[in-house]
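A closer look at the structure
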2 protein chains.
Amino acid sequence: MVYRRTHQVVKRLAARRSAILTAARDAAAEGGMAAVQIAPVAVRANVAAGTVYRYFPSKADLISELIAEVSRDELAAIRRAADAAPGPSSALAAAVTTVAVHVISQRKLAWGILAEPVDVDVTASRLASRREIAGEISGRIDAAVRAGHLPAQDTALAATALLGALHESLVGPLAPDNTDDPGRLRDAVQTVTLLALRAVGVMDARARGLVVQAVLPAKTLVGA
Amino acid sequence: MVYRRTHQVVKRLAARRSAILTAARDAAAEGGMAAVQIAPVAVRANVAAGTVYRYFPSKADLISELIAEVSRDELAAIRRAADAAPGPSSALAAAVTTVAVHVISQRKLAWGILAEPVDVDVTASRLASRREIAGEISGRIDAAVRAGHLPAQDTALAATALLGALHESLVGPLAPDNTDDPGRLRDAVQTVTLLALRAVGVMDARARGLVVQAVLPAKTLVGA
DNA sequence: ATCAGGCCTGAATTGTTGTTCAGTTCTTGA
DNA sequence: TCAAGAACTGAACAACAATTCAGGCCTGAT
């Protein structure tokens, strides 16, 4: 054998794989999942259509991995924000705010990851993504309950409902399209966060403080 | 001219159109929107594939009309339930409960109408459907606010968020699949309704009364 | 420089459904 | 019973993207 998997080759292969995934992500961010088609993605990544299949067995696998990747990033951001908060309640508020800020600042991508029609089956991947995020939120609610800040409740159901509220009101078809205006965006984030927190039993007065605390730091995540 | 649109003919045509729509609805209720394909629907309706196109210009039109029809039914049910309630707050509770009961008792259909990927563009129709339902809920929230039962708020956003919470937690991919057990179903409806009402500012103690009042009558709508 | 071996290319293939339409069947009024 | 006109049939067509693969290209060891 005269051709071997040199370190350099391995690195190039990994870079290419990453380029394809990034191309897919960019396409999704620009035009939603509908724009994630093999040929255009290949062009974006500077490879031929066939090459995509050397890295991903099928389009379903490509999109599944895209969903998983975005999900991982989001989960990490949520954890970071929540862990930086001083107590369970503000951790929950920070987590919720982080989700809100993320989805509102990448609406097309969020919509694609969450709910946009795709021609291949990515149910499993979407399910896993939701489970991860909902699990994290559920845990934060639970912590607040254990700390006596919230009434006892079905935290898994609450987390799911809460995410549904955020998603529908910020990236759903009825979401107000304040395309850019940062002020309106922040208002929307605040309003919806408040609503979500009230749903799980956070008292109004307290919530306002938590939300204000949470929104400002989370803003810095937009660029990340 | 020797062939004319006799009353009998008109009736038969209307019946056929209705049969096709019903076939589509049944297919959607059984297998989601994915099952609404021209050929199978035609078989169900006892017509040939081509005949469908004498009644609906395209598949998109067929599905759009299906969505509109289901939406009309739901809106009517919501109004009926809310109008029968003694006051604004219980009207809101009744409206929310009605939505919850409907979606949970026809999950596949609801998922198809609301969010399931479809290969044709039905965005406009889905948007209209959401607008109608959200508008109704928004109006009910507004009435409760005007009655002084709820704090002032962006009722449109609240209605959207509230519906998102209901849908995601009852028919979304993370919804607990208590396939049949009526007890569990009622529990889920109650829990989520309570959560939704809290989100818009209904006080807990009061909410329990409202929810219990609302769930029982709404149960009778399942069969309708 | 050489060549073995995998990597990349991109045009052709495949598969899936919505849609069409020429021919057939049915309905109506005379 | 018959002619005119409309509705129905269902096989053929069209369109669109995902997927394949034969041939060329590049990389790395000798």
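As a starting point, this report considers the structure included with it. (Residues numbered from 1 in each chain as written. Chains lettered and ligands numbered in written order. Predicted model: local features only at pLDDT ≥ 70, side-chain atom pairs only at ≥ 80, totals over all residues. Heavy atoms only, no water.)

1. Points about the protein's contact with DNA strand D
The local shell around DNA strand D holds 26 residues, among which Tyr 53 and Lys 59 of chain A together with Arg 16, Ala 48 and Thr 51 of chain B are the closest. Taken together, the sugar and phosphate atoms account for 70% of what DNA strand D places within 4 Å of the protein. Separating a phosphate oxygen of DNA strand D from a side-chain N or O atom of Arg 54 of chain B is a distance of 2.9 Å. Elements represented by at least two residues in the surface near DNA strand D include exactly helix H1 (7–31) and helix H3 (49–55) of chain A together with helix H1 (7–31) and helix H3 (49–55) of chain B. Residue contributions to the surface near DNA strand D peak at 5 residues, all from H3 of chain B. Counted by class, the surface near DNA strand D contains 11 nonpolar, 7 polar and 8 charged residues. (Near = heavy atom within 4 Å. Polar contact = N/O pair within 3.5 Å; in protein donor to acceptor, adjacent residues only side chain to side chain. Helix = DSSP H or I, 4+ residues; strand = E, 2+ residues; numbered from the N terminus. Nonpolar A, V, L, I, M, F, W, Y, C, P; charged D, E, K, R; others polar.)

2. A few points about the packing of helix H5 (residues 88–105) of chain B against helix H7 (residues 123–146) of chain B
Residues and elements named next belong to chain B. It is the contact of H5 with H7, at a shortest axis distance of 8 Å, that shows an interaxial angle of 155°. Comparing the axis directions of H5 and H7 gives the class roughly antiparallel. Note on packing geometry: the crossing formed by H5 with H7 is left-handed. Here Pro 88, Ser 89, Ala 91, Leu 92, Ala 95 and Val 99 of H5 lie close against H7, whose contacting residues are Ile 137, Arg 140, Ile 141, Ala 143 and Ala 144. Classifying every residue of the contact of H5 with H7 by side-chain character gives 9 nonpolar, 1 polar and 1 charged. (Axes fitted to C-alpha atoms, helices over the stretch in contact; angles between N-to-C directions. Parallel < 35°, antiparallel > 145°, perpendicular 65-115°, else oblique. Left-handed = near helix turned anticlockwise from the far one by under 90°. Contact = heavy atoms within 4.5 Å.)

3. Concerning the relation of the copies chain B and chain A
Laying chain B over chain A is done by rotating through 180° and shifting 0.0 Å along the axis; what remains is an RMSD of 0.1 Å. The operation mapping one copy onto its partner corresponds to a two-fold rotation axis. Taken together, the interface assignments show that 100% of the residues at the interface of chain B recur at the interface of chain A, consistent with an identical surface on both copies. (Least-squares fit on C-alpha atoms with pLDDT ≥ 70 in both.)

4. A short note on the interface of chain B and chain A
Facing the 27 residues of chain B at the interface are 27 residues of chain A. On the chain B side of the interface with chain A, the three residues burying the most area are Leu 157, Leu 174 and Arg 198 of chain B, jointly 25% of the side's total. Counting every contact that joins chain B to chain A gives 2 salt bridges. Across the pair Arg 130 of chain B and Glu 168 of chain A runs a salt bridge whose closest N-O atoms are separated by 2.6 Å. Joining chain B to chain A, the criterion identifies 4 residue pairs in polar contact (both at pLDDT 80 or more). Secondary structure elements with two or more residues in the side of chain B that touches chain A: H7, helix H8 (155–171) and helix H9 (182–199) of chain B. No other element matches the 8 residues that H8 of chain B contributes to the side of chain B that touches chain A. Looking at the side of chain B that touches chain A residue by residue, the class counts come to 17 nonpolar, 6 polar and 4 charged. (Buried area = accessible area lost by both parts, 1.4 Å probe. Salt bridge = Lys/Arg side-chain N within 4 Å of Asp/Glu carboxyl O.)

5. Points about the protein's contact with DNA strand C
Around DNA strand C, the surrounding shell holds 26 residues, and the nearest of these are Arg 16, Ala 48 and Thr 51 of chain A together with Tyr 53 and Lys 59 of chain B. Counting only atoms of DNA strand C within 4 Å of the protein, the fraction found in sugar and phosphate groups is 71%. The contact in question runs from a phosphate oxygen of DNA strand C to an N or O atom on the backbone of Ile 38 of chain B, over 3.3 Å. Elements that contribute at least two residues to the surface near DNA strand C include exactly H1 and H3 of chain A together with H1 and H3 of chain B. If one sorts the elements of the surface near DNA strand C by residue count, H3 of chain A sits on top with 5 residues.

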